[in-house]
Amino acid sequence: NAGVTQTPKFQVLKTGQSMTLQCAQDMNHNSMYWYRQDPGMGLRLIYYSASEGTTDKGEVPNGYNVSRLNKREFSLRLESAAPSQTSVYFCASSDYRGDTEAFFGQGTRLTVV
Amino acid sequence: GNSVTQMEGPVTLSEEAFLTINCTYTATGYPSLFWYVQYPGEGLQLLLKATKADDKGSNKGFEATYRKETTSFHLEKGSVQVSDSAVYFCALKTGFQKLVFGTGTRLLVSP
């Protein structure tokens, strides 16, 4: 049972380059999330998708776009990377019910130079 | 809106000491409450949860009780080990709303 799979695990970008972080879950969950975690800080929500075809901005959406390609996949795109986007990115998924927990991927460590 | 407040860290303890990490929340409706743990270099994983008032979640010697009257969900462990060193996140979820996390509390346990 793979759970939530993120690719890549590590990435180094130059300022201005673009890239897409991929996330897929095999638990038939409705909701998916993208978070970023900076050193010494908690999680900050970038975007949230309550169900296939819907996306909502979180706390820190600027500089990012997302696509909920289907129920399984939720990608995060950086159109023009900036050093301030150096962070660890986590994807998560959960069932829509209020009593169910979220499952997290292992993270993507992104460095923008 | 919904929010979670956790105590500032780091919390530094010696092995076998008693642990409490405070968590309080503000929510509309009747939230479910969660504690997640993040070990170094890893993603978050669920530690325990409680879905209604007075429920006690427990796992790996950790416990937390859902206290509606004080809007709290404090994490406790009677005797911590070095292997418990990690970052702990309190979180809540209501109905069809998204998960809301606290800022996390780092626990450091020394031998």
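Residues numbered from 1 in each chain as written. Chains lettered and ligands numbered in written order. Predicted model: local features only at pLDDT ≥ 70, side-chain atom pairs only at ≥ 80, totals over all residues. Heavy atoms only, no water.

J.: Can you explain the pairing of strand 4 (residues 31–37) of chain A? Please cite residues and give values.
T.: Residue and element names in this part refer to chain A. Of all seven residues in strand 4, seven are buried; the element is thus mostly enclosed. One ladder, built from six bridges, connects strand 4 with strand 5 (residues 43–49); its direction is antiparallel. Counted as the bridge partner of Tyr 35 is Leu 45 from strand 5. Between strand 4 and strand 5, which pair antiparallel one after the other, the connecting turn spans five residues, and Gly 40 there sits at a positive phi close to 75 degrees. (Buried < 20%, exposed > 50% of the residue type's maximum accessible area, 1.4 Å probe, protein only. Helix = DSSP H or I, 4+ residues; strand = E, 2+ residues; numbered from the N terminus. Pairing = 2+ DSSP bridges.)

J.: Describe the environment of Asn22(B), with residues and values.
T.: Residue and element names in this part refer to chain B. One can find Asn 22 in the loop between strand 3 (19–21) and strand 4 (23–26). Overall, Asn 22 belongs to the partly exposed group, its relative accessible area being 35%. Taking the C-alpha atoms as reference, Asn 22 lies 23 Å from Glu 42; in sequence the two are 20 residues apart. Asn 22 has contacts with Thr 5, Gln 6, Met 7, Trp 35 and His 74, leaving out every residue within four places of it along the chain. For Asn 22, the side chain forms a polar contact with the side chain of His 74, separated by 3.5 Å. (Contact = heavy atoms within 4.5 Å. Polar contact = N/O pair within 3.5 Å; in protein donor to acceptor, adjacent residues only side chain to side chain.)

J.: Before we move on, could you go through the sheet that holds strand 9 (residues 75–77) of chain B and cite the residues and values that matter?
T.: Residue and element names in this part refer to chain B. Within the open sheet, the four strands sit side by side as 3-9-8-7. Their pairing is antiparallel. Here the strands that pair on one side only, and so sit at the sheet edges, are strand 3 and strand 7 (56–59). Across the sheet, the mean angle from the axis of one strand to that of its neighbour is 20 degrees, orientation sign disregarded. Direction of pairing for strand 3 relative to strand 9: antiparallel, over a ladder of three bridges. Looking at strand 9, one finds that Leu 19 is bridged to Lys 77. (Axes fitted to C-alpha atoms, helices over the stretch in contact; angles between N-to-C directions.)

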